[in-house]
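Chain and residue survey
The primary structure of each chain is shown beneath.
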Amino acid sequence: MSKEVQEPLFELIKSLSKSEKRYFKLHVSRHSSGGNNNYTLLFDYLDKIGQYSESEIIGYFKNEPFLNNFSITKRRLYDQIITSLNGYHSTSSVDAQLYKMLQGATILYNKALYSQATKLLYSASKLAEKHERHSILLEIGQQQQRLVETKHYSSVKTEEVEELQNRSNIAIQQLQIQTELWFTKSKLFMELNTKGRTPDDRYRNQLEEYHNQINEQCRTAVLSVSNTYLYNHIEAAYYFAINDFDKSMIHLTNNIQLLENNLFLLEEFPNYYFGTLSNAVYVAEKINQPKQADALLGKIKTFPSRYNLPLSDDLTLKMFLSSSSIELSILTARGEFTTAQEIIPVVESGLKLHAGKIPLQKQLYFAYTFAGIHIGLNDFSGGLKWINTILNTPNMDRNEEIVAYTHILNLIIHLELKNDQLLPYALKSTQRFLKTRNRLHTFEQIILQFISGFKSYKQLDQQEAWEKLYGELQKFRTTNEPEFQKMKAYFDFETWAKSKLTNKRFDELIRENIN
């Protein structure tokens, strides 16, 4: 887990493409009296080095006067880069085009060129409507209202004012819906990231409250395309959280079709499409639809070329995170641990490449998945390395669910390695973690009771212990299917217990279960 804290200026320079760097050089040369000024000197040096060290920078530029106010120099260089990026990307996004048009209309208005300002605002309103930029539509509407007043209502028709009012009301309504949906989604996802899927009734009731809120908000409203996407996004997450995977897939499929039928949204926000496909692959696996999962994965791998989309740094990062996690998830769920292990070095290289940009939750997920793969191959020492990585990560407690399962896998590994001296300490640590976070549910109690009692069995009687564990897990599956499936998503403990009971390979049993 990366703990490195980057200097913002250095991080910004390292994120620039070659063409953005070239544009910056032109921008600086146009706005400076000399050629290589302080900004260019510092920019070139930071662009060249691999790791930021302020002491080395000061040593390199020891005779340069800008070191006397180095913090100011860094801030001004940062601002210059942002200014040049604004210029470089001034026509690369709909928002940039619209704000440029708004600025142009303001300039024309101030020059008393009212008819020209009116035409420009009309073009801007059509572009904003096409791309559902409701907040910018309100700004356009305010400028149009000002033009109406400037004409003293002499050449304005009632229909024009009513049309302007109607557009403003629609924009306000869609903005209000979007705002309510966004805050509901954020609260829901914060709960999911912390607690995971439905650990108790109180938490489930909270999720249901969010679900009821968005249905109340959207029950009678006509939703824009972007708000329809947001509604389906929230509903898919809600049903996934309560283990209703069939309904989750309905909303995911709705969004896939919505984006494919509204290319303006897909092209502007390719992350929406990519994220929806990624989630749909995972859910397809959960509802035992491997062919559908493979087809969706194929869409993920080809969608940038299919829609001729440029790969931004953000999209490249998200493609790496999602495609890697999906592929590993599919392979482990199908018991193909050897193939999954071959991918681990590739994923590790990607994690290093994008260090500092990957959310902690994703870092923990990959470490946990790597541990599970090693366990699946009976490489328990290799699995323990990744378990320790998670347990030694600062602030990992914010991701309760994955850390809880990490503690349980830790017990399994120590049991397999016959670490009789370490196992009691690991057991106490796990019990303490689960108890203080109210996570001692049925499954957790089954595992803890098994581990605590296993040592008391004689060598010849351990078969009885495995038989008892396997029976308890089978009973858990029949009496609480949703919680069992949530547990299985982290690790197939039931099949693992069966492999110990029958002395069969873990991966072979997983494949037998699928077939």
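Model, not experiment: these values are computed from the prediction.

Calculation notes
Residues numbered from 1 in each chain as written. Predicted model: local features only at pLDDT ≥ 70, side-chain atom pairs only at ≥ 80, totals over all residues. Heavy atoms only, no water. Helix = DSSP H or I, 4+ residues; strand = E, 2+ residues; numbered from the N terminus. Polar contact = N/O pair within 3.5 Å; in protein donor to acceptor, adjacent residues only side chain to side chain. Contact = heavy atoms within 4.5 Å. Phe/Tyr/Trp six-rings, centres within 6.5 Å; stacked < 30°, edge-to-face > 60°. Buried < 20%, exposed > 50% of the residue type's maximum accessible area, 1.4 Å probe, protein only. Salt bridge = Lys/Arg side-chain N within 4 Å of Asp/Glu carboxyl O. Expected span 1.5 Å × (residues − 1). 1 Å grid on protein atoms, 1.4 Å probe; cavity = no way out; pocket = protein on both sides within 12 Å on 5 of 7 lines; lining within 4 Å. Points joined across faces, edges and corners; volume = space filled by probe spheres on them. Nonpolar A, V, L, I, M, F, W, Y, C, P; charged D, E, K, R; others polar. Arc of directions from axis to C-beta. Core = buried A, V, L, I, M, F, W, Y, C linked by side-chain atoms within 4.5 Å. Axes fitted to C-alpha atoms, helices over the stretch in contact; angles between N-to-C directions. Parallel < 35°, antiparallel > 145°, perpendicular 65-115°, else oblique. Left-handed = near helix turned anticlockwise from the far one by under 90°. pLDDT = per-residue confidence, 0-100.

Among the structural elements, R334 can be located in the loop between helix 16 (313-333) and helix 17 (337-353). In this structure the side chain of R334 is engaged in a polar contact, spanning 2.6 Å, whose partner is the side chain of E285. Excluding residues that lie within four positions of it along the chain, R334 makes contacts with E285, P290, A293, D294, I510, R511 and I514.

Turning our eyes to something else, we now look at the packing of aromatic side chains. Applying the stated rule across the entire model yields 35 aromatic pairs. Judged by centre distance (5.6 Å) and plane angle (70 degrees), the ring pair of Y273 and F303 falls under edge-to-face. With a gap of 30 residues between them, Y273 in helix 14 (residues 270-286) and F303 in helix 15 (residues 290-306) connect regions that are remote in the sequence. The two residues Y273 and F303 agree in class, both being buried. Ring centres of F491 and F506 lie 5.4 Å apart, and the angle between their planes is 35 degrees; on these two criteria the pair is classed as tilted. With F491 in the loop between helix 24 (481-490) and helix 25 (493-502) and F506 in helix 26 (residues 506-514), this residue pair connects regions lying 15 residues apart in the sequence.

This paragraph deals with the pattern of salt bridges. Enumeration over the complete set of coordinates arrives at 21 salt bridges. Of the charged contacts, one joins K74 and E7 as a salt bridge, the two residues approaching to 3.4 Å between their closest N and O atoms. Highlighted residues: K74 in helix 5 (residues 70-88) and E7 in the segment before helix 1 (8-15), separated in sequence by 67 residues. The partner of D294 in a salt bridge is R334, and the shortest N-O contact between them spans 3.2 Å.

Let us now look at unusual backbone geometry. For A112, which is not glycine, the phi dihedral falls at a positive 65 degrees. Position of A112 relative to the elements: it lies in the loop between helix 6 (94-110) and helix 7 (114-130). For A112, a relative accessible area of 43% translates into the label partly exposed. At N503, a residue that is not glycine, the phi angle is positive and equals roughly 60 degrees.

For helix 22 (residues 442-454), built from 13 residues, the straight-helix expectation of 18 Å at 1.5 Å per residue is met to within 8% by its first-to-last C-alpha distance of 18 Å. Within helix 22, burial applies to F443, E444, I446, I447, L448, F450, I451, G453 and F454. On its buried side, helix 22 packs onto helix 20 (400-416), helix 21 (423-436), helix 23 (462-479), helix 24 and helix 25.

Time to look at the layout of surface pockets. Of the volumes computed, that of the second largest pocket is approximately 620 Å³. Taken together, the elements giving at least two residues each to the lining of the second largest pocket come down to helix 18 (360-376), helix 20, helix 22, helix 23, helix 25 and helix 26. Of the residues that constitute the lining of the second largest pocket, the class distribution is 11 nonpolar, 7 polar and 8 charged.

In this section: the environment of S15. Looking at the secondary structure, you find S15 in helix 1. When its relative accessible area of 26% is taken as the criterion, S15 is described as partly exposed. Once you skip the residues sitting within four places of it in the chain, S15 turns out to touch E20 and D313. A polar side-chain atom of S15 sits 2.6 Å from the main-chain carbonyl oxygen of L12.

Further remarks concern empty space enclosed by the protein. Within the structure shown, the criterion is met by 1 cavity of 30 Å³ or more. Lining the largest cavity are L137, L138, G141, Q144, L164, R167, S168 and A171. Secondary structure elements with two or more residues in the lining of the largest cavity: helix 8 (134-150) and helix 9 (158-195).

Its 18 residues place the ends of helix 23 26 Å apart at the C-alpha level, agreeing with the 26 Å of an ideal helix rising 1.5 Å per residue. Taken together, the buried positions of helix 23 are occupied by Q462, A465, W466, L469, Y470, L473 and F476. The buried residues of helix 23 all sit within an arc of 130 degrees when viewed along its axis, so they share a single face. Opposite its buried face, helix 23 presents the exposed residues E467, K468, K475, T478 and T479, each directed more than 90 degrees away. Contacts from the buried residues of helix 23 go to helix 20, helix 22, helix 24 and helix 25.

Take the environment of I57 next. The topology assignment puts I57 in helix 4 (residues 54-60). I57 sits in the buried class, given a relative accessible area of 0%. Separated by 12 residues in the primary sequence, I57 and Y45 place their C-alpha atoms 8.3 Å from one another.

With 62 residues, the main nonpolar core has F443, F450, L469, F493 and W496 as its most contacted residues. Among residues more than four places away in sequence, those in contact with F443 are Y405, I408, L473, F476, M487 and F493. Within the second largest apolar cluster, 31 residues are counted, among which are V225, F240, F274 and L297.

To continue, consider the packing of helix 16 against helix 17. Closest axis-to-axis distance for the helix 16/helix 17 pair is 9 Å, and the angle between their directions is 165 degrees. The orientation of helix 16 with respect to helix 17, classified from their angle, is roughly antiparallel. Note on packing geometry: the crossing formed by helix 16 with helix 17 is left-handed. Listed contacts from helix 17 to F320, S324, E327, L328, L331 and T332 of helix 16 are F337, T339, A340, I343, V347, G350 and L351. Looking at side-chain class alone, the contact of helix 16 with helix 17 contains 8 nonpolar, 4 polar and 1 charged residues.

When the pLDDT values of the protein are averaged, the result is 88; 95% of them are 70 or greater. Predicted confidence in the protein is weakest over helix 10 (residues 201-218), with a mean pLDDT of 80, and strongest over helix 12 (residues 245-261), with 96.

The next thing to look at is the packing of helix 20 against helix 24. The N-to-C vectors of helix 20 and helix 24 enclose an angle of 70 degrees; their axes lie 10 Å apart at closest approach. Considering the angle they form, helix 20 stands roughly perpendicular to helix 24. Residue-level inspection shows E401, I402 and Y405 of helix 20 in contact with helix 24, the latter providing K486, M487 and Y490. Here the contact of helix 20 with helix 24 is built from residues that sort into 4 nonpolar, no polar and 2 charged.

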